[in-house]
Amino acid sequence: MPGNGFQWHFVNGLLKSYLYNITAIKSYIKPSKNIDFYIVPVLNIDGFVYSWTTDRLWRKSRSPHNNRTCFGVDLNRNFDSKWCSIGASTNCSSLTFCGTGPASEPEVHAVQQLMNRLKSDILGFLTIHSYGQLILLPYGYTRNPSVNHEEMLSIGEKAAARLTQIHGTKYRVGSASHILYNNSGSSRDWATDLGIPLSYTFELRDNGTDGFILPADQIKPTCEETTVAILSIIEYLNEKYFNSASIIFSGTLWINLSFSVLIGTYYSLF
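Residues numbered from 1 in each chain as written. Predicted model: local features only at pLDDT ≥ 70, side-chain atom pairs only at ≥ 80, totals over all residues. Heavy atoms only, no water.

A word on unusual backbone geometry. With omega at 10°, the peptide bond leading from Ser130 into Tyr131 counts as cis. Looking at the element boundaries, Tyr131 is found in the loop between strand E4 (124-130) and strand E5 (134-137). In the segment running from Pro138 into Tyr139, the intervening peptide bond is cis, with an omega of 5°. Looking at the element boundaries, Tyr139 is found in the loop between E5 and helix H5 (149-167). Although it is not a glycine, Arg68 adopts a positive phi angle of roughly 65°. Among the secondary structure elements, Arg68 is positioned in the loop between strand E2 (64-65) and strand E3 (70-71). For Arg68, a relative accessible area of 57% corresponds to the exposed category. Backbone geometry places Lys82, a non-glycine residue, at a positive phi of 50°. (Helix = DSSP H or I, 4+ residues; strand = E, 2+ residues; numbered from the N terminus. Buried < 20%, exposed > 50% of the residue type's maximum accessible area, 1.4 Å probe, protein only.)

Rendered as structure tokens:
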């Protein structure tokens, strides 16, 4: 959910940076032909509008609860993944209110419906938040690792190293429950439990100096470095699934194996 000045502008900048790289750099042309992207630039549209008109740092949705005495659900605690079991609140006045049930919010329900329909084709799920300079792996609801934790950790560390090369920004990589905090009902964990091979949360700049009010002059460099990190993940998937697939499978199945990535933008409290 874009709830601050930085993320108001980040999505547009990231897409511009990605489109430039994917068309101008020869090594990215092949992956762009193999890959389909499903991009959700603003998941929490009602909260986004409210952050412009009323509350600069509003983070939840705007659904009414308790006879309209409180409003909004933390959408990243509303997914059907150990819903409201840890790191979430049943109090509708709380910033971490998990909703009235798993996927009770229409925004979350829509994403889950879309991904359930496409899940056999999806190889990666990325969700963009701020802040903390982290690349988070599953899980948030348990300290147990995911089935392919070591693979995901290696890919994430390479993406972080690529990111650092651009402007020197340092990111930490690890499971959310180990390097950030415990929370249940996140989209990242839900995508993993759905069977999506790679699922990451990017917590963007900074480390807390400006927090959610990141200066405007950091928007462009953040987009540049984040794009490079995302492209690193795309490169890995293209090498793993498409270079070998071209030898084994027919052209029709090649199309059916196309990689889909969904990017939801909403921030989580650091």
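A separate point is the UniProt feature "active site" (unreviewed entry) in the protein chain. The positions UniProt marks with the feature "active site" (unreviewed entry) are Glu203. Mapped onto the elements, Glu203 comes out in strand E7 (residues 198-204). Taking relative accessible area as the criterion, Glu203 reaches 1% and is therefore assigned buried. (UniProt positions renumbered as here; feature names shortened; annotations may be inferred.)

Following the criterion strictly, the structure yields 7 salt bridges and no others. A salt bridge links Arg59 to Asp74, with the nearest nitrogen and oxygen atoms 2.6 Å apart. Of this pair, Arg59 sits in the loop between helix H3 (45-53) and E2 while Asp74 sits in the loop between E3 and helix H4 (106-118); the two residues are 15 residues apart in sequence, bridging distant segments of the chain. As far as the burial class goes, Arg59 and Asp74 line up, both buried. (Salt bridge = Lys/Arg side-chain N within 4 Å of Asp/Glu carboxyl O.)

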